Amino acid sequence: MLQKIIIVCHLLIILLVSVISAKDVILVIRKDGNDFKDALRGIMVEIREDFEVKDKVIDKKTEVNEIVDEIHTANPKLVVLMDNTSIALFKRYQQGLKENDPLIPSVSIMGVLVGNAIASLKNASGISYEIPIVTSIVSLRTIIKSPMKKVGVMHRDYLKEFLEQNRKFCEMEGIEIIDIALPNKSEKYKSLLRNGLKDLIEQKKVDVLWVPNDNEFLQPDIIQDVWIPTAKKFKIPIVVGVEVLVKPQLDFGTFAVLPDHISLGSQVAEMIYDISDNNWMCKSNRVDPPLAVYKIINVVQAKRNFNVRDEDLGSVDKKVK
């Protein structure tokens with residue numbers, strides 16, 4: 001009898017210790033890909049001692065009921081949403097909540113215009129993915145020794161507010177944004193882009209092109225039929241926000257500036273601690289800028305078209321040859 005009591009007490013102690021030592025869960029919802037993995041690694045390094053991180057990889061076929069099941073199973077204190085697909089799924093999850101259901105806080109990253117994407121989410125915060133245009137252009141003009149006073153931008157209407165915000169900062173550096181807005185929906189983007197780029201370069205005499213991360217403008221056929229011929233014909237520096245677009249094999253992008261994804265993960269971790277200290281409440285849909293950037297240059301194009309020398313590349317993080 002005494003032995004049974006001792007065994008029961010021992011089991012109770014083990015159970016109590018496990019309950020006390022159980023860590024709060026942070027659920028990450030993301031697509032597959034190296035950039036997402038790097039951001040996750042940045043989060044893990046900072047918070048794994050204090051939180052348990054659960055990783056949910058999604059794709060275009062993922063339905064909202066999978067997210068609901070994952071949240072019910074993991075019971076997370078906070079959800080990290082990587083890219084607009086994850087944000088949209090979590091938004092649908094929130095829309096299905098009952099009036100008194102708890103509102104799990106979220107941190108959204110790596111999406112297009114995160115501030116707009118999370119505007120209707122409750123208890124939400126995020127980090128913007130777009131690097132300010134002035135940051136990219138100022139960085140490039142230290143490498144390519146040309147004035148770069150006029151920046152040409154082709155964009156859809158939804159980016160107007162972003163451009164207006166950037167226009168002020170560019171003006172402080174003596175840079176003028178010259179933009180052409182296209183409708184948010186069209187079946188003629190290929191011809192509209194081709195004509196708009198020709199106008200920006202030949203008529204408006206822009207010094208450099210800045211390309212937004214817009215999936216509609218970066219379809220494979222549009223890259224092949226519009227962007228690459230434009231780069232080859234006019235030999236104008238082209239700034240992009242995706243590493244793959246500066247591959248020499250494409251001969252498209254000259255310079256890419258994007259958030260450093262591991263540092264982005266570290267920044268998310270800091271926000272997680274801030275939110276936990278605030279009783280798991282976000283501060284009114286706050287969206288912070290990314291704190292660290294990663295600069296990549298297409299060395300082949302830069303040397304061939306713009307006479308860039310090796311000694312000009314000291315500030316570049318990655319040189320693609």
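Residues numbered from 1 in each chain as written. Predicted model: local features only at pLDDT ≥ 70, side-chain atom pairs only at ≥ 80, totals over all residues. Heavy atoms only, no water.

(A) Main features of the pattern of salt bridges. In the structure shown here, the tally under the stated rule is 20 salt bridges. Residues Asp 214 and Arg 156 are paired through a salt bridge, measuring 2.8 Å at the closest nitrogen-oxygen approach. Of this pair, Asp 214 sits in the loop between strand E8 (208–210) and helix H9 (220–234) while Arg 156 sits in strand E6 (residues 150–156), and the two are 58 residues apart along the sequence. The class for Asp 214 is buried, based on a relative accessible area of 2%. Among the ionic pairs, Asp 157 bridges to Lys 160, the shortest N-O distance being 3.8 Å. (Salt bridge = Lys/Arg side-chain N within 4 Å of Asp/Glu carboxyl O. Helix = DSSP H or I, 4+ residues; strand = E, 2+ residues; numbered from the N terminus. Buried < 20%, exposed > 50% of the residue type's maximum accessible area, 1.4 Å probe, protein only.)

(B) Here's a closer look at the nonpolar core. One finds Leu 193, Leu 209, Trp 227, Ile 238, Val 240 and Phe 252 to be the most contacted residues of the largest nonpolar core, which totals 30 residues. If one sorts the elements of this core by residue count, H9 sits on top with six residues. Those residues in contact with Val 240 that lie beyond four places of it in its chain are Val 211, Leu 245, Val 246, Phe 252, Gly 253, Phe 255, Ala 256 and Val 257. Ile 137, Ile 144, Phe 162 and Ile 297 belong to the second largest nonpolar core, which has 29 residues in total. (Core = buried A, V, L, I, M, F, W, Y, C linked by side-chain atoms within 4.5 Å. Contact = heavy atoms within 4.5 Å.)

(C) Summary view of helix H8 (residues 189–203). Compared with an ideal rise of 1.5 Å per residue, which puts 15 residues at 21 Å, H8 spans 20 Å between its outermost C-alpha atoms and is within 8% of the ideal. Each element contacted by the buried residues of H8 is listed here: E6, strand E7 (176–182), E8 and H9. Positive phi appears at Lys 205, one or two residues downstream of H8, with a value of about 55 degrees. (Expected span 1.5 Å × (residues − 1).)

(D) Region of the structure containing the pairing of strand E12 (residues 293–298). Note that strand E10 (residues 255–259) and E12 share five bridges and pair antiparallel. Its bridge partner being in E12, Val 257 is matched across the sheet by Lys 295. In the sheet, E12 pairs with strand E13 (residues 318–320) via three bridges, with the strands oriented parallel. Looking across to E13, one finds that Ile 296 is bridged to Lys 318. (Pairing = 2+ DSSP bridges.)

Nothing here speaks to function; it is geometry throughout.
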